[in-house]
Amino acid sequence: MSKNITIVRSTCVPIQIENVDTDQIIPARFLKSTTREGFGKNLFRDWRYYDNDESKPKKEFALNNPTYSGSILVAAKNFGCGSSREHAAWAIKDYGFDVVVSSFFADIFKSNALNNFLLPVRVSEEFLQEIFSAVQLDPSTEVEVNLEEETIRLGASGEKVHFDINPYKKECLLNGYDDIDYLLSIMNEIEQFEYNTR
């Protein structure tokens, strides 16, 4: 599973439902594991199957619709609300998404996503609706997210907008660093600082 993110260019999977909470992203009954792997198969579990039966997929749901695919999840506003479970970010990343686009993220979900190499891209409600419309009209529409430039571009129209990201988290995502990796990457600077302050 790739950690670093630079440019993600992909088709999208649209979830046009507002106020999606973390229990809908990954139901509580699947939180028994303490490792990050394996949660993707239960992403949006209760929305994907009838009677919790994998042999009864809800064909109308985007993750079950072969028309939609890609590493970018496009979600409606207020995505990731509810409990603070980190497993929600684990499930989305484990399923194969690298980017989630929405007009608003719950703060704790956003933090959990960034800590798990999942890039949350916040855009205006107007631009979000443009993405939904373009993907609905043509599911082969690609979206390009450029982390270095902090831009997201809609391939159908060519429109490009800026998004904000914490500079520290940006550096971590670009390099595939967790917090410890980052500290190790600047070890020489830390040692030099210690030497100079003796």
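**Q** Explain the overall build of the protein chain to me, please; I cannot follow it from the model alone.
**A** A count of helical and extended segments in the protein chain gives eight helices and eight strands. In terms of overall dimensions, the protein chain is globule-like: its C-alpha atoms have a radius of gyration of 18 Å, near the 16 Å expected for 198 residues. Viewed in the frame of its principal axes, the protein chain has a C-alpha envelope of about 65 × 45 × 25 Å. Looking at the protein chain residue by residue over its 198 residues, the buried ones come to 44%. Counting only contacts in the protein chain whose residues sit at least 6 apart along the sequence, the fraction spanning at least 24 positions is 63%. If you average the places of the 21 positive and of the 31 negative side-chain charges in the protein chain, the two averages end up 6 Å apart.

**Q** Would you mind showing me how to read the sheet that holds strand β6 (residues 143–146) here?
**A** In space, the four strands of this open sheet follow the order β1-β6-β7-β8, with antiparallel pairing throughout. Strands at the two margins of the open sheet, each flanked by one partner only, are β1 (7–10) and β8 (160–162). Looking at each pair of strands side by side, their axes are set apart by 15° on average, direction ignored.

**Q** Whenever I open this one, the nonpolar core confuses me. Can you help?
**A** Across soluble globular proteins, nonpolar side chains show a tendency to be buried alongside one another. Membership of the largest hydrophobic core comes to 55 residues, with the highest contact counts inside it found for Phe 44, Phe 79, Ile 92, Phe 109, Leu 119 and Ile 152. Here the element with the most residues in this core is helix α5 (residues 125–137); it accounts for six residues. Not counting the four nearest positions on each side in its chain, Ile 92 is found in contact with Ile 25, Leu 43, Leu 73, Phe 79, Phe 97, Val 100, Phe 109 and Leu 118.

**Q** Would you explain the side chain of Lys 169 in this entry?
**A** Examined against the element boundaries, Lys 169 turns out to sit in helix α6 (residues 167–175). Since its relative accessible area comes to 14%, Lys 169 is described here as buried. Those residues in contact with Lys 169, other than ones at most four positions away along the chain, are Leu 114, Asn 115 and Asp 179.

**Q** Could you clarify how one ought to interpret the sheet that holds strand β3 (residues 72–75) in this entry?
**A** Pairing within the open sheet is parallel, and its four strands lie in the order β2-β3-β4-β5. Edge positions in the open sheet fall to β2 (12–15) and β5 (119–122), since each of these has one partner strand only. Adjacent strand axes in the sheet meet at a mean angle of 20°, parallel and antiparallel pairs treated alike. The pairing of strand β4 (residues 99–102) with β5 spans four bridges and is parallel. Directly across from Val 101, in β5, lies its bridge partner Val 121.

**Q** What should I look at first to understand α5 in this one?
**A** Quick reminder: α-helices carry 3.6 residues per turn. Residues three or four places apart thus point the same way. In this model, α5 (13 residues) spans 18 Å end to end at C-alpha, consistent with the 18 Å of a helix rising 1.5 Å per residue. Every buried residue of α5 is accounted for by Phe 127, Leu 128, Ile 131, Phe 132, Ala 134 and Val 135. One side of α5 holds all its buried residues, which, seen down the axis, span an arc of 165°. Projecting away from the buried face of α5 at angles above 90 degrees are the exposed residues Glu 126, Gln 136 and Leu 137. Considering only its buried residues, α5 is in contact with β2, β3, β4, β6, β7 (151–154) and β8.

**Q** Help me understand the pattern of salt bridges, please; the structure alone is not making it clear to me.
**A** If the charged atoms of two oppositely charged side chains come close together, the side chains can form a pair. Per the counting criterion, the structure on display carries eight salt bridges. One salt bridge connects Asp 23 with Arg 85, and the closest N-O pair in it is separated by 3.0 Å. Separated by 62 residues along the polypeptide, Asp 23 in helix α1 (residues 22–25) and Arg 85 in the loop between β3 and α3 (87–95) bring together distant segments of the chain. Classification of Asp 23 as partly exposed rests on a relative accessible area of 36%.

Thresholds applied
Residues numbered from 1 in each chain as written. Predicted model: local features only at pLDDT ≥ 70, side-chain atom pairs only at ≥ 80, totals over all residues. Heavy atoms only, no water. Helix = DSSP H or I, 4+ residues; strand = E, 2+ residues; numbered from the N terminus. Rg over C-alpha atoms; globule rule 2.2 N^0.38 Å. Buried < 20%, exposed > 50% of the residue type's maximum accessible area, 1.4 Å probe, protein only. Contact = heavy atoms within 4.5 Å. Lys, Arg positive; Asp, Glu negative; His and termini not counted. Charge placed at Lys NZ, Arg CZ, Asp CG, Glu CD. Pairing = 2+ DSSP bridges. Axes fitted to C-alpha atoms, helices over the stretch in contact; angles between N-to-C directions. Core = buried A, V, L, I, M, F, W, Y, C linked by side-chain atoms within 4.5 Å. Expected span 1.5 Å × (residues − 1). Arc of directions from axis to C-beta. Salt bridge = Lys/Arg side-chain N within 4 Å of Asp/Glu carboxyl O.

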